[in-house]
Amino acid sequence: MEGGGGSSNKTTGGLAGFFGAGGAGYSHADLAGVPLTGMNPLSPYLNVDPRYLVQDTDEFILPTGANKTRGRFELAFFTIGGCCMTGAAFGAMNGLRLGLKETQNMAWSKPRNVQILNMVTRQGALWANTLGSLALLYSAFGVIIEKTRGAEDDLNTVAAGTMTGMLYKCTGGLRGVARGGLAGLTLTSLYALYNNWEHMKGSLLHQSL
């Protein structure tokens, strides 16, 4: 009986220590420096060290040789699809504007509605085709340049944009090629500048100090 009672006391003591009744506690000074960002306050009834709950490693396990960021080939599908959808939405709005403008002297009737609908679908398809083609050329040039150079940086972005503009306007002769290349160079340079703006500000501030 005594042995059974002692075993029961040990078991009770172990469970009590696990749930905080008899375990080692931590003072406010010990827990003052423990980061709890994004965590709710712990229950006072649980004796859990918050330091064991902080994750210092990555949440995902990547395959061997895989990069943490997606490359241009993975982003190409998103870029092309996004540009097509953006072009379709913009073209539909532009077609609605043009349709209302061209039929403003007509009374609201079925012919007017059909004419406006035709304008919306025509403009939507036109802009979706245009932006989708540009995105396809840009993604293809970006992937080729990345594989050729073996590096991924803003130079690939600027070069791909310039070559896309030149090829898209190649039917307009040398002047068209020059204008297309200049437009692509300007747009991609502004995009690269926007992506590196915070880094450039930090570098300039560090140099000024």
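Residues numbered from 1 in each chain as written. Predicted model: local features only at pLDDT ≥ 70, side-chain atom pairs only at ≥ 80, totals over all residues. Heavy atoms only, no water.

1. Structural notes on the overall build of the protein
For the protein, the helix and strand inventory stands at seven helices and zero strands. Each helix (α) and strand (β) of the protein, taken in turn from the N terminus, gives the series α-α-α-α-α-α-α. Expressed as a percentage of the 209 residues in the protein, the buried residues total 19%. Long-range pairs, those at least 24 residues apart, make up 52% of the contacts in the protein with a sequence separation of at least 6. Accessible surface, the protein: about 15900 Å² in total, of which carbon and sulfur atoms supply 64%. (Helix = DSSP H or I, 4+ residues; strand = E, 2+ residues; numbered from the N terminus. Buried < 20%, exposed > 50% of the residue type's maximum accessible area, 1.4 Å probe, protein only. Contact = heavy atoms within 4.5 Å. Areas by Shrake-Rupley, 256 points an atom, 1.4 Å probe, with all protein chains shown as cover.)

2. Concerning the environment of Val114
Take Val114: it is sitting in helix 4 (residues 110–149). Take Val114: its relative accessible area is 40%, and that puts it in the partly exposed class. When the C-alpha atoms of Val114 and Gly99 are compared, they prove to be 9.7 Å apart, with 15 residues separating the residues in sequence.

3. Notes on a nonpolar patch on the surface
A cluster of nonpolar side chains, namely Leu190, Leu193, Trp197 and Met200, defines an oily patch on the protein surface of about 380 Å² accessible area. Taken together, the elements giving at least two residues each to the nonpolar patch come down to helix 6 (173–195) and helix 7 (197–208). (Patch = residues over 30% accessible without salt bridge, like charges linked within 9 Å, V, L, I, M, F, W, Y side chains within 5 Å. Salt bridge = Lys/Arg side-chain N within 4 Å of Asp/Glu carboxyl O.)

4. What to know about the packing of aromatic side chains
Between two aromatic rings, the relevant description is the distance of the centres plus the angle of the planes. Counting across every chain of the model gives two aromatic pairs. Look at Phe73 and Phe77: their rings are 5.5 Å apart centre to centre, the planes differ by 85 degrees, and that puts the pair in the edge-to-face class. Within this pair, Phe73 and its partner Phe77 are both found in helix 3 (residues 72–102), separated by four residues, close to a single helical turn. Seen in terms of ring centroids, Phe90 and Trp127 are 4.8 Å apart; in terms of plane orientation they differ by 80 degrees. Their pairing is edge-to-face. Separated by 37 residues along the polypeptide, Phe90 in helix 3 and Trp127 in helix 4 bring together distant segments of the chain. For Trp127, a relative accessible area of 30% translates into the label partly exposed. Above the face of the Trp108 ring, Arg112 is positioned so that its terminal group lies 4.0 Å from the ring centre. (Phe/Tyr/Trp six-rings, centres within 6.5 Å; stacked < 30°, edge-to-face > 60°. Lys NZ or Arg CZ within 6 Å of the ring centre and 35° of its normal.)

5. What about the packing of helix 3 against helix 4?
It is at 6 Å that the axes of helix 3 and helix 4 come closest, and there the two elements cross at 155 degrees. Viewed along their axes, helix 3 and helix 4 adopt a mutual orientation that is roughly antiparallel. In this structure, helix 3 crosses over helix 4, and the sense of that crossing is right-handed. Here the residues of the contact of helix 3 with helix 4 are counted per class, giving 21 nonpolar, 13 polar and four charged. (Axes fitted to C-alpha atoms, helices over the stretch in contact; angles between N-to-C directions. Parallel < 35°, antiparallel > 145°, perpendicular 65-115°, else oblique. Left-handed = near helix turned anticlockwise from the far one by under 90°. Nonpolar A, V, L, I, M, F, W, Y, C, P; charged D, E, K, R; others polar.)

6. Looking at the side chain of Thr103
Relative to the helices and strands, Thr103 is located in the loop between helix 3 and helix 4. Overall, the relative accessible area of 0% leaves Thr103 in the buried class.

7. Some points on the UniProt feature "transmembrane region" (unreviewed entry) in the protein
What UniProt calls "transmembrane region" (unreviewed entry) maps, in this numbering, to residues 75–96 and 126–145. Summarising residues 75–96: 100% helix, 0% strand, and an end-to-end C-alpha distance of 32 Å. (UniProt positions renumbered as here; feature names shortened; annotations may be inferred.)

8. A word on the packing of helix 4 against helix 5 (residues 154–168)
It is the contact of helix 4 with helix 5, at a shortest axis distance of 8 Å, that shows an interaxial angle of 135 degrees. As far as their axial angle goes, helix 5 and helix 4 are oblique. The two elements helix 4 and helix 5 meet at a crossing, and its hand is right-handed. Where helix 4 approaches helix 5, its residues Thr130, Leu134, Leu137, Tyr138, Phe141, Gly142, Ile145, Glu146 and Arg149 are matched on the opposing element by Leu155, Asn156, Thr157, Ala159, Ala160, Gly161, Met163, Thr164, Leu167 and Tyr168. Its residues assigned to classes, the contact of helix 4 with helix 5 comprises 11 nonpolar, six polar and two charged.

9. Some thoughts on the environment of Phe78
Here Phe78 shows up in helix 3. Residues Phe78 and Ala135 lie 57 residues apart in sequence; the distance between their C-alpha atoms is 9.8 Å.

10. Some thoughts on the confidence of the model for the protein
Averaged over all residues, the pLDDT of the protein is 77; the fraction at 70 or higher stands at 65%. Residue range residues 1–23 is modelled with pLDDT below 50. Its contacts to residues more than four positions away, or to other chains, number 10 contacts. (pLDDT = per-residue confidence, 0-100.)

11. Brief notes about helix 6
Along its 23 residues, helix 6 runs 33 Å from first to last C-alpha, staying within 8% of the 33 Å computed at 1.5 Å per residue. Gly176, Gly180, Gly181, Gly184, Thr188 and Ala192 are the residues of helix 6 that are buried. Those residues of helix 6 hidden inside the fold are in contact with helix 4 and helix 5. (Expected span 1.5 Å × (residues − 1).)

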